[in-house]
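For reference, the chains in residue letters:
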Amino acid sequence: MAFLIRTIAVAKSGREIVRDRRIDKDELIVGRNPASDIHLPDLTVELEHVKLTDAGQGMIAARALGELPFSVDGQSVTEARIDPDAGAEIAVGPALLAVSRDADGPVKINIQPAPKDKASGDPEAGFALAKAMPSKRAMAWIGSVAILVLLLSIPVFTHLFRTPVENDPDNLEKGAVLFDASWSTGDLSMAHHDLEDNCEACHQSAFVSVQDETCLTCHEELDDHAKMDRQLTGMAPMSTGDKIQWDIGQALGKEGPLGCVSCHTEHEGPVKLEASDEQFCSDCHNDMDARLTDVSFGNAADFGEKHPQFRPKFYDAHFAKEAKRVSLDDNPVEMSGLVFPHDIHVSETGGAAKMAMSLGQYGAPLECSDCHEEDKSAPGGFKPVVMEDACEACHSLVSGTAGGAFTSLRHGDVSDLMEDLAKVNLASRSRVTTGRDRPGQYGSGGRYYANFGRPSGSYLAITRALQKGGTCGDCHLRTTTDGRPDLVPVNIPDQYLHKGFFNHEAHGDDVAECTDCHATDKSGEATDLLLPDLESCRDCHLGETAVKTEEIVPSSCAMCHGYHTPAAPWKPEDHPKLPGNGPNDNVAAILSSLRR
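Starting from 1, residues in each chain are numbered consecutively following that chain's sequence as written. Two thresholds apply to this predicted model, a pLDDT of at least 70 for residue-level local features and 80 or more for giving and counting side-chain atom pairs, whereas whole-chain, interface and lining totals are computed over all residues. To obtain the side-chain values, all non-hydrogen atoms of the structure were included, while hydrogens and water were left out.

## Regarding the packing of aromatic side chains
How two aromatic rings sit relative to each other is set out by the distance from centre to centre and by the angle between their planes. Selection rule: Pairing of aromatic rings covers Phe, Tyr and the six-membered ring of Trp, with a centre-to-centre limit of 6.5 Å; geometry is then stacked below 30 degrees between planes, edge-to-face above 60, and tilted otherwise. Think of it in three bands: residues with accessible area under 20% of the maximum for their type are buried, residues over 50% are exposed, and the middle band is partly exposed, with areas taken using a 1.4 Å probe on protein chains only. Here, a charge over a ring means that NZ of Lys or CZ of Arg falls within 6 Å of the ring centre while also lying within 35 degrees of the ring normal.
Tallying each qualifying case throughout the model produces two aromatic pairs. Residues phenylalanine 157 and phenylalanine 161 carry aromatic rings whose centres are separated by 4.8 Å and whose planes lie at 40° to one another, so their mutual orientation is tilted. The two residues phenylalanine 157 and phenylalanine 161 agree in class, both being exposed. Between phenylalanine 303 and phenylalanine 310, the aromatic rings sit 6.5 Å apart at their centres with planes inclined by 25°, giving stacked as the arrangement. For lysine 254, the ring lying beneath its charged end belongs to tryptophan 246, and the centroid distance is 4.9 Å. One cation-aromatic arrangement involves arginine 538 over phenylalanine 303; the distance from NZ or CZ to the ring centre is 6.0 Å.

Here is the structure:
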């Protein structure tokens, strides 16, 4: 027996879409099962709902396979005989199957949606849940009203009649506005996670963006790297789109640009605050010479391609009161007041090496770490070199013995040195006169015998110590102050690079040796400024977009610089504490305070 199945669908435009297929079988299954001969994907249809079979003599038998009936010409039945020549309509769920046959042709079954305005043919009429629930439209309106009442009216009402709360950075007091968190656009960052349910901690006024003043009540230690008016002058002009967005933001009380929230976006999820990308910095610094013409620093856009040469800050003249920034391109010379040569001390075969090998505290040629001891809390990452710890093992200041122990001259102050030398020469002075006794002179050991002369020996000792080849001259430059032998003050800054952060620990033993960056083994003069230049750092550090390899390290601006100084919030967690800006925070100042 042959069936011609014709499916008629109606497009949104009203056009009918007709698809025909022929089935040569003696029976057809109509149901929700995809394997059914006539598949009706609707929950009101059973998996196998109706079976159509050949009843002989050209008749078709229809029989329900489950508990649900079907309709034939509007009558609900479970079994029926259908004459295709006369035609009939079988309603199964939402579909209407019109059975007919042309002369000597196959049985035709046209499938089309059943009209829903027929009460008896409504496929959902028998479902109690559908009859009990409101319509979908009604449910949508009810839900909208509930949201407005619960999540908007209540927060607005409680905000209007609340007792304003003080800024509460420790989140000790919950906010007074109810349901305000339901309007949060997302979770807060990890740093602000404790304020998750206290919107008022940051949003002091309703429908107004968070103000800078509110941020600074908790982050009062932050400081910008330039005054706001300077930043506004130096910033790149905004595009038309950005300007429109900012106008809208400012209409809603958003401060900026350059306000806190212009860079620190919240409600982005529980993530760690990340440093801004390189573009954030280069927007202003790439063309700084065109917008801030009174500044002396160069343009910077990418460390690998466009970055000015390093300009460390150090003392370039003896007796200088302040350190000076000088570019490494200018072959700078450091005037520290010392005559210390590095190459002699780090040589593995020289006299210094042999002396160090003979001393128990070293036992081997000197290494950089024998004098330069790391200290994460120190401004430059190292403790100041102390003469008594690092130098005196070879450059002895022992002046004598007292009580069975050695006495040493004090180091660091010429007045102390003079006082110690004077004490050394107070003992066992020789007679003032020798040889022939003059008339009337008292005998040795007599009542008036004493050394009334000047303790010339002490002055001679001071002169020898400060003379060329003297003890002090081993390390210091000699000078004369008010006609008296003296030493040039030692001027060594605590930190050479003040505008960037450098972590020695990150460049430790597994990465590089000290001499890879600091050419101490070739430095024979104390005036050598042993700092690596820009090109040396570029051997490993390239710009933000560089491809990371075992040797190349992509380096954005934030790796070495911090927007907020001196807080530097984006510096590595183990980065040493930065120096203050006071006038007395360097070694030179400390030593100067010790001088007479």
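## Things to note about the pairing of strand S18 (residues 484-487)
Along a regular strand, successive side chains alternate from one face of the sheet to the other. This is how the line gets drawn: Two strands qualify as a pair provided DSSP detects at least 2 bridges between them. Numbering of helices and strands runs from the N terminus; a helix is a DSSP stretch of H or I covering at least four residues, while a strand is a stretch of E covering at least two.
Two strands pair when backbone bridges link them, and strand S17 (residues 478-481) and S18 are joined in this way by four bridges, in the antiparallel orientation. For threonine 480, the partnering residue across the bridge sits in S18 and is proline 485. Linkage of S17 to S18, two consecutive antiparallel strands, is achieved through a turn of two residues, within which aspartate 482 is found at a positive phi near 50°.

## Remarks on the pattern of salt bridges
Counted only if it meets this: Within this document, salt bridges are pairs made up of a side-chain nitrogen of Lys or Arg and a carboxyl oxygen of Asp or Glu, the two lying within 4 Å of each other.
This structure, assessed with the given rule, holds 13 salt bridges. For arginine 410, the salt bridge goes to aspartate 416, with nearest N and O atoms at 3.8 Å. Among the residues examined, arginine 410 registers a relative accessible area of 38% and is labelled partly exposed. For aspartate 416, a relative accessible area of 25% corresponds to the partly exposed category. Taken together, the shared-partner salt bridges connect Arg410, Asp416, Glu419 and Asp420 into one network.

## What to know about the sheet that holds strand S10 (residues 88-92)
Test applied: Here an angle of 0 to 180 degrees is reported between the N-to-C directions of two axes, which are lines fitted to C-alpha atoms, with helices fitted over the stretch in contact.
Spatial strand order, S2-S1-S12-S11-S10-S7-S8: seven strands in an open sheet with mixed pairing. Each edge of the sheet is formed by a strand with only one pairing partner; in this case those strands are strand S2 (16-24) and strand S8 (75-77). Going from strand to strand, the sheet's axes swing by 25° on average, the running direction of each strand aside. The pairing of strand S1 (residues 2-10) with strand S12 (residues 107-113) spans five bridges and is parallel. Pairing of threonine 7 across the sheet is with isoleucine 111, part of S12.

## Some words on the side chain of serine 36
Note the cut-off: Contacts are assigned to residue pairs that have any heavy atoms within 4.5 Å of one another.
In this structure, serine 36 sits in the loop between strand S3 (27-31) and strand S4 (38-39). Serine 36 gets classed as buried once you look at its relative accessible area, which sits at 10%. Those residues in contact with serine 36, other than ones at most four positions away along the chain, are Ile29, Val30, Gly31 and Leu47.

## A word on the pairing of S2
Sheet topology note: the S1/S2 ladder contains nine bridges and is antiparallel. In the sheet register, valine 10 faces S2, and the bridge partner there is glutamate 16. Counted between consecutive antiparallel strands, the loop separating S1 from S2 contains five residues, among which glycine 14 sits at a positive phi close to 95°.

## Side note on a negative patch on the surface
We apply this condition: Patch construction takes residues with relative accessible area above 30% that form no salt bridge. Like charges are linked within 9 Å, and nonpolar side chains (Val, Leu, Ile, Met, Phe, Trp, Tyr) are linked within 5 Å. The Shrake-Rupley method, run with a 1.4 Å probe, gives the accessible areas here. Residue values count only the displayed protein chains as cover. Working convention for charge: Lys and Arg count positive, Asp and Glu count negative, and His plus the chain ends are omitted. By convention, charge coordinates are those of NZ in Lys, CZ in Arg, CG in Asp, or CD in Glu.
The grouping of Glu348, Glu367, Glu374, Asp509, Asp510, Glu513 and Asp516 at the surface amounts to a negative patch. Among the secondary structure elements, glutamate 367 is positioned in the loop between helix H10 (351-358) and helix H11 (368-371). Judged by relative accessible area, glutamate 367 falls into the exposed class, the value being 53%.

## Thoughts on unusual backbone geometry
With a phi angle near 50°, aspartate 73 is a residue other than glycine that sits in the positive phi range. The partly exposed category is assigned to aspartate 73, whose relative accessible area is 48%. Here the phi dihedral of aspartate 482 falls at roughly 50°; this positive angle occurs in a residue that is not glycine. With respect to the element layout, aspartate 482 can be found in the loop between S17 and S18. The exposed category is assigned to aspartate 482, whose relative accessible area is 81%.

Nothing here speaks to function; it is all geometry.
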